[in-house]
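# Structural description and commentary
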Amino acid sequence: MEKSRYYAEKWMREGRKSLLDLECGFGEDTKVFVDTGFWVTAADPDEKNVASLRCWEKQSGKILRSKQCRKEKLPFAADAFDCVWVSDTLLNADAVNFRQVLSEITRVLKPDGVCFGIVKKEQRQTEEIRLDMQEFEILTEKQDDSGRYYIEAVLRKPRTQMDYSAVLGMEVKGKIDRPLGTWHQVYKDLYYPINYGYVEGVLGGDGEEQDIYLLGEDKPVKEFSGIVVAVIHRLNDVEDKWVVDTKKRMYSEEEIRRKLEFQEKYFDSEIFVWNEA
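Residues numbered from 1 in each chain as written. Predicted model: local features only at pLDDT ≥ 70, side-chain atom pairs only at ≥ 80, totals over all residues. Heavy atoms only, no water.

Right, let's talk about the overall build of the protein for a bit. Check the secondary structure of the protein and you find 8 helices and 13 strands. Its C-alpha atoms give the protein a radius of gyration of 21 Å, near enough to 19 Å, the size a compact globule of 277 residues would have. Relative to its 277 residues, the protein shows a buried fraction of 51%. Surface summary for the protein: the accessible area is close to 14,200 Å², and the carbon and sulfur share equals 47%. (Helix = DSSP H or I, 4+ residues; strand = E, 2+ residues; numbered from the N terminus. Rg over C-alpha atoms; globule rule 2.2 N^0.38 Å. Buried < 20%, exposed > 50% of the residue type's maximum accessible area, 1.4 Å probe, protein only. Areas by Shrake-Rupley, 256 points an atom, 1.4 Å probe, with all protein chains shown as cover.)

According to the stated counting rule, one finds 16 aromatic pairs in the structure shown. Considering the side-chain rings of Phe-76 and Phe-81, the 5.4 Å spacing of their centres and the 85 degrees angle between planes classify their relative orientation as edge-to-face. Here Phe-76 matches Phe-81 in class, with each residue buried. Measuring from ring centre to ring centre gives 5.5 Å for Tyr-192 and Tyr-196, while their planes differ by 50 degrees; the resulting arrangement is tilted. Take Tyr-192: its relative accessible area is 0%, and that puts it in the buried class. Connected via pairs of aromatic rings, a cluster forms that spans Tyr-6, Tyr-7, Trp-11, Phe-33, Phe-38, Trp-85 and Phe-116. The side chain of Arg-234 reaches across the aromatic face of Phe-267, ending 3.5 Å from its centre. (Phe/Tyr/Trp six-rings, centres within 6.5 Å; stacked < 30°, edge-to-face > 60°. Lys NZ or Arg CZ within 6 Å of the ring centre and 35° of its normal.)

This next bit is on the pattern of salt bridges. For the structure on display, the rule yields 25 salt bridges. When the shortest N-O distance is used, the salt bridge between Arg-148 and Asp-144 registers 3.3 Å. Judged by its relative accessible area of 22%, Asp-144 is partly exposed. For the salt bridge of Asp-237 with Arg-234, the shortest nitrogen-to-oxygen distance reads 2.9 Å. Grouping residues by exposure puts Asp-237 and Arg-234 together as buried. (Salt bridge = Lys/Arg side-chain N within 4 Å of Asp/Glu carboxyl O.)

A few words now on the environment of Val-40. Mapped onto the elements of the fold, Val-40 is located in strand 2 (residues 39-44). Sequence-wise, Val-40 and Asp-21 are 19 residues apart; in three dimensions their C-alpha atoms are separated by 7.3 Å. Excluding anything up to four places from it in sequence, Val-40 contacts Leu-19, Thr-30, Phe-33, Val-34, Leu-64 and Arg-65. (Contact = heavy atoms within 4.5 Å.)

With that out of the way, let us pick up the sheet that holds strand 1 (residues 18-22). Taken together, 7 strands build an open sheet; the order of strands is 3-2-1-4-5-7-6 and the sheet is mixed. Whereas interior strands pair on both sides, the edge strands pair on one side only; in this sheet they are strand 3 (65-68) and strand 6 (136-143). Ignoring strand direction, the axes of neighbouring strands in this sheet form an average angle of 15 degrees. Note that strand 1 and strand 2 share 5 bridges and pair parallel. By the bridge assignment for strand 2, Asp-21 is matched with Ala-42. (Pairing = 2+ DSSP bridges. Axes fitted to C-alpha atoms, helices over the stretch in contact; angles between N-to-C directions.)

A few words now on the state of the cysteines. One pass over the structure, following the stated rule, counts 0 disulfides. The thiol sulfur of Cys-24 is not disulfide-bonded, and the nearest other cysteine sulfur, from Cys-69, lies at 8.8 Å. Residue classification places Cys-24 among the buried residues on the basis of a relative accessible area of 9%. Just so you know, Cys-115 is unpaired, no disulfide at all, and the nearest cysteine sulfur is the one on Cys-83, 9.6 Å from it. (Disulfide = S-S within 2.5 Å.)

Along the polypeptide, Glu-72 turns up in the loop between strand 3 and strand 4 (81-87). On the basis of relative accessible area, Glu-72 is assigned to the buried category, the value being 12%. A polar contact is formed between the side chain of Glu-72 and the side chain of Lys-71, at a distance of 3.4 Å. Among all residues touching Glu-72, those that are not within four sequence positions of it are Asn-97, Gln-100, Val-101 and Glu-104. (Polar contact = N/O pair within 3.5 Å; in protein donor to acceptor, adjacent residues only side chain to side chain.)

With 14 residues, helix 4 (residues 95-108) ought to run about 20 Å at 1.5 Å a step, and its terminal C-alpha atoms sit 20 Å apart, in line with that. The N-cap residue of helix 4 is Asp-94: its side-chain oxygen and the backbone nitrogen of Val-96 are 3.3 Å apart. (Expected span 1.5 Å × (residues − 1).)

Another point: the confidence of the model for the protein. Overall, the prediction assigns the protein a mean pLDDT of 89, with 95% of residues at 70 or greater. Looking across the protein, the model is least confident in helix 6 (residues 127-132), with a mean pLDDT of 54, and most confident in strand 12 (residues 241-245), with 97. (pLDDT = per-residue confidence, 0-100.)

Of all the 7 residues making up strand 7 (residues 149-155), 7 are buried; the element is thus mostly covered by neighbouring parts of the structure. Of the two faces of strand 7, the one carrying Tyr-149, Ile-151, Ala-153 and Leu-155 and the one carrying Tyr-150, Glu-152 and Val-154 are both buried. Across 6 bridges, strand 5 (residues 109-119) lies against strand 7 in antiparallel orientation. Looking across to strand 7, one finds that Phe-116 is bridged to Glu-152. Across 7 bridges, strand 6 lies against strand 7 in antiparallel orientation. Across the sheet, Gln-143 pairs through a bridge with Tyr-149, a residue of strand 7. In textbook terms, the turn of a hairpin is the stretch between consecutive antiparallel strands, and for strand 6 and strand 7 this stretch comprises 5 residues, one of which, Gly-147, has a positive phi near 90 degrees.

Structure (structure tokens):
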């Protein structure tokens with residue numbers, strides 16, 4: 001925990017805000033990062049660990065995104081995090097697994113994002129692994145008596161450019177499955193002050209039909225037709241959300257964020273808005 005507290009304070013001073021705790025376990029380090037002020041996503045393959053963190057989140061009143069997933073295939077957007085806390089996740093990885101996990105870390109880290117991890121001597125010195133680290137610039141490195149390396153590295157890569165020009169302003173129609181005035185089926189304290197549904201025939205990042213928030217209606221509806229006025233590009237999630245307005249009005253990023261804060265406060269996101277011009 002001393003390591004996580006040291007890097008939490010160091011990275012916070014550097015102006016970093018979002019962090020992925022990879023294979024977080026019961027979340028000892030996760031809680032340190034949350035308490036320091038990071039927007040934290042905790043990922044672990046064990047559903048019991050994830051459930052434990054969700055319980056802690058509810059009891060503490062703090063916001064934490066917990067996700068059950070494998071480190072070899074992360075359900076997050078490219079350029080999602082300022083920091084990735086790997087800790088000892090890679091210690092028992094073979095060369096193939098090491099490269100796969102490192103590739104995913106490279107994908108989800110922002111340009112000039114940092115990561116910290118512990119690797120064994122053979123992992124550090126094997127040429128096929130070192131080739132995969134060519135985009136990382138090592139900032140600090142310390143070897144202990146057992147031959148393990150404690151490495152902090154910064155990622156040098158170009159930013160992924162998002163282009164929603166084909167979506168913004170598009171006319172769509174679909175159905176509402178969570179009407180205004182209802183509560184989430186699983187998260188019982190999540191109330192929907194607007195209609196929420198999906199576009200028929202269009203698949204989202206999770207393999208299901210594209211989810212939408214519906215603006216322009218002040219009562220529950222079953223179906224909708226309107227224009228996509230914004231795209232919410234979730235970083236610590238696998239899918240984007242579209243915002244549809246039945247009256248074809250334009251909104252600012254701040255207006256969209258304010259209207260959808262009831263649910264989007266749990267996600268780190270970028271918002272792209274429609275501009276008719």
